[in-house]
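Observations on the three-dimensional arrangement
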Amino acid sequence: MRWCFSFIFVLVLVVLHLDGLARSRALATPKTASPKVSSPQDLLSFTHYLNTCPDVEGIIQNKVRAWVKKDYTLAASIIRLHFHDCAVRGCDASILLNHAGSERRAEASKTLRGFQVIEEIKAEVEKRCPGRVSCADILTAAARDATVLIGGPFWEVPFGRKDGKVSIAREANRVPQGHENVTDLIQFFQARGLNILDLVILSGSHTIGRSTCHSIQHRLSNFNGTYKPDPSLNATYLRVLKGKCGRRYNYVDLDGTTPRKFDTEYYKNLGKKMALLSTDQGLYRDSRTSPIVEALATQPELFTNQFAVSMVKLGNIQVLTGKKDGEIRGNCNFVNPY
Ligand code: HEM
Ligand SMILES: *[C@@H]1O[C@H](CO)[C@@H](O)[C@H](O)[C@H]1NC(C)=O
Ligand SMILES: *[C@@H]1O[C@H](CO)[C@@H](O)[C@H](O)[C@H]1NC(C)=O
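Owing to the predicted nature of the structure, the values given are computational and were not obtained by experimental measurement.

1. Digging into the overall build of the protein
Of the regular secondary structure elements, the protein holds 14 helices and two strands. Every one of the 338 residues in the protein was classed for burial, and the buried ones make up 53%. Considering only contacts within the protein whose residues lie at least 6 apart along the sequence, 74% involve residues at least 24 apart. A total of about 16,000 Å² of accessible surface is found on the protein, and carbon and sulfur atoms cover 56% of it.

2. Looking at the site of ligand 1
Not every one of the 26 residues close to ligand 1 is listed here, only the nearest: S77, H206, R210, T212 and S215. S211 places a polar side-chain atom, nitrogen or oxygen, 3.4 Å from an oxygen atom of ligand 1. Contributions of two or more residues to the shell around ligand 1 are made by α3 (74-86), α7 (182-190), α8 (196-203), β1 (210-212) and α14 (300-315). Looking at the shell around ligand 1, the element that brings in the most residues is α3, giving five residues. Its residues placed into classes, the shell around ligand 1 shows 12 nonpolar, 12 polar and two charged.

3. Description of the state of the cysteines
Evaluation of the coordinates by the stated rule reveals four disulfides. C53 shares a disulfide with C129; S-S distance 1.8 Å. Remark: C129 occurs in the loop between α4 (115-128) and α5 (135-149) and C53 occurs in the loop between α1 (2-26) and α2 (56-70); sequence separation between them is 76 residues. With respect to burial, C53 and C129 carry one shared label: buried. Between C86 and C91 runs a disulfide, and the two sulfur atoms are separated by 2.1 Å.

4. Re the site of ligand 2
Near ligand 2 the following residues occur: N181, T183 and D184. Side-chain polar atom of N181 to an oxygen atom of ligand 2: 2.3 Å apart, as the coordinates give it. Compared with its free state, where it exposes 370 Å², ligand 2 has 27% of that area covered by protein.

5. Details of the packing of aromatic side chains
Scanning all chains against the criterion turns up nine aromatic pairs. Arranged with centres 4.8 Å apart and planes meeting at 80°, the rings of Y266 and Y267 form a pair that is edge-to-face. Cluster of aromatic residues (ring-pair linked, three or more members): W155, F262, Y266, Y267, F303 and F307. Over the ring of F188 we find R192; its NZ or CZ atom is 3.6 Å from the centre of that ring.

6. As for the packing of α3 against α5
Closest axis-to-axis distance for the α3/α5 pair is 8 Å, and the angle between their directions is 145°. Seen from above, α3 lies across α5 with left-handed handedness. On the side of α3, the interface is formed by A75, I78, I79, L81, H82 and D85, while α5 contributes L139, T140, A142, A143, A146 and T147. Its residues assigned to classes, the contact of α3 with α5 comprises eight nonpolar, three polar and one charged.

7. A look at the coordination of the iron atom of ligand 1
Just one protein atom donates to the iron atom of ligand 1; it is H206 (NE2), sitting 2.1 Å from the metal. Within the secondary structure, H206 sits in the loop between α8 and β1.

Rules used in this analysis
Residues numbered from 1 in each chain as written. Chains lettered and ligands numbered in written order. Predicted model: local features only at pLDDT ≥ 70, side-chain atom pairs only at ≥ 80, totals over all residues. Heavy atoms only, no water. Helix = DSSP H or I, 4+ residues; strand = E, 2+ residues; numbered from the N terminus. Buried < 20%, exposed > 50% of the residue type's maximum accessible area, 1.4 Å probe, protein only. Contact = heavy atoms within 4.5 Å. Areas by Shrake-Rupley, 256 points an atom, 1.4 Å probe, with all protein chains shown as cover. Near = heavy atom within 4 Å. Polar contact = N/O pair within 3.5 Å; in protein donor to acceptor, adjacent residues only side chain to side chain. Nonpolar A, V, L, I, M, F, W, Y, C, P; charged D, E, K, R; others polar. Disulfide = S-S within 2.5 Å. Phe/Tyr/Trp six-rings, centres within 6.5 Å; stacked < 30°, edge-to-face > 60°. Lys NZ or Arg CZ within 6 Å of the ring centre and 35° of its normal. Axes fitted to C-alpha atoms, helices over the stretch in contact; angles between N-to-C directions. Left-handed = near helix turned anticlockwise from the far one by under 90°. Donors = N, O, S within 2.8 Å, 3.2 Å for Na, K, Ca; no water.

Put into structure tokens, the structure is as follows:
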């Protein structure tokens, strides 16, 4: 019975996977993600920079590799930066804009890192092909390269995103922070054209990287000081976390067992009540997501393959591709002055 259920479930995943591939081949923005209907010239393409900046992917890859070699933790930070970009106004590099009241200055963006990497890549790309390559495309490719560098899958990145001109802190503060329930998470993803499978798969990014203790403080004790830890937290793990979280901005690994490996331990941890974030633990408890968690915990190749598919979908959210949409910024931190 159990075996049979597993089999059917895997079949469903395979079908979803093929569906995902078909969508990513078509490269259209998911319809639910944007009110705008894409016309053929509006689509992203694999050959977008073939004539205008043929070496762009090599430049990006070399820079990301050099930075990650110096500081391994940047790989995870770049992947998260891409998520926070795409989650607000689509993948338009709005997260990079650095002015008063911008997304980057929001409370929820406080622990984002990797801005300097993108800045340096952009400077190099501008030298080689000035005014051609968008910051949104650079960040998208950098997230792919960061994934590969930490042992994750490779996927082809379609290009042609323009950079947005609008960035509002209040909108960045709506990106999930780790205390939401699964319904909130599903709704947030669905509003961006991502389904429940994408939610569980992309949460698997937490197989690497770190969180500040600040983000999990509510699980360790409550605010009026009476000690009351989250009952869904493994007691042994709780002791470890309390030892590490003496200060609010100390770091703890998101994957408590293999923090440096891009693997499925993250999903196995959920079964041991060892998720760092309560949102991650929630995926194991909720009947809409738990079968997917269980399948991924035992099928590493399923995680790897579907991660690539879901990342392409993430990178295609509400992209600006029309002639009149957005711009190619000269400096990723500011909109063009003219
Ligand atoms: C499902 C909703 C999600 C929630 C609630 C969430 C929440 C968080 C939180 C609270 C942190 C730690 C922040 C800190 O205190 O420093 C974090 C880190 C991270 N998140 Fe998520 N996240 C979600 C989805 C995603 C997605 C979709 C991705 C990528 C596709 C992602 C990639 C990462 C990575 C790589 C880190 C580690 C960053 C670093 O080490 O600098 N997350 N996330
Ligand atoms: C989830 O949280 C939201 C608030 O963020 C709340 O309105 C909603 O009732 C909660 N849903 C469930 C099923 O707990
Ligand atoms: C807590 O974690 C340990 C491993 O650290 C595991 O052996 C144990 O089964 C977990 N306890 C629960 C209740 O899941």
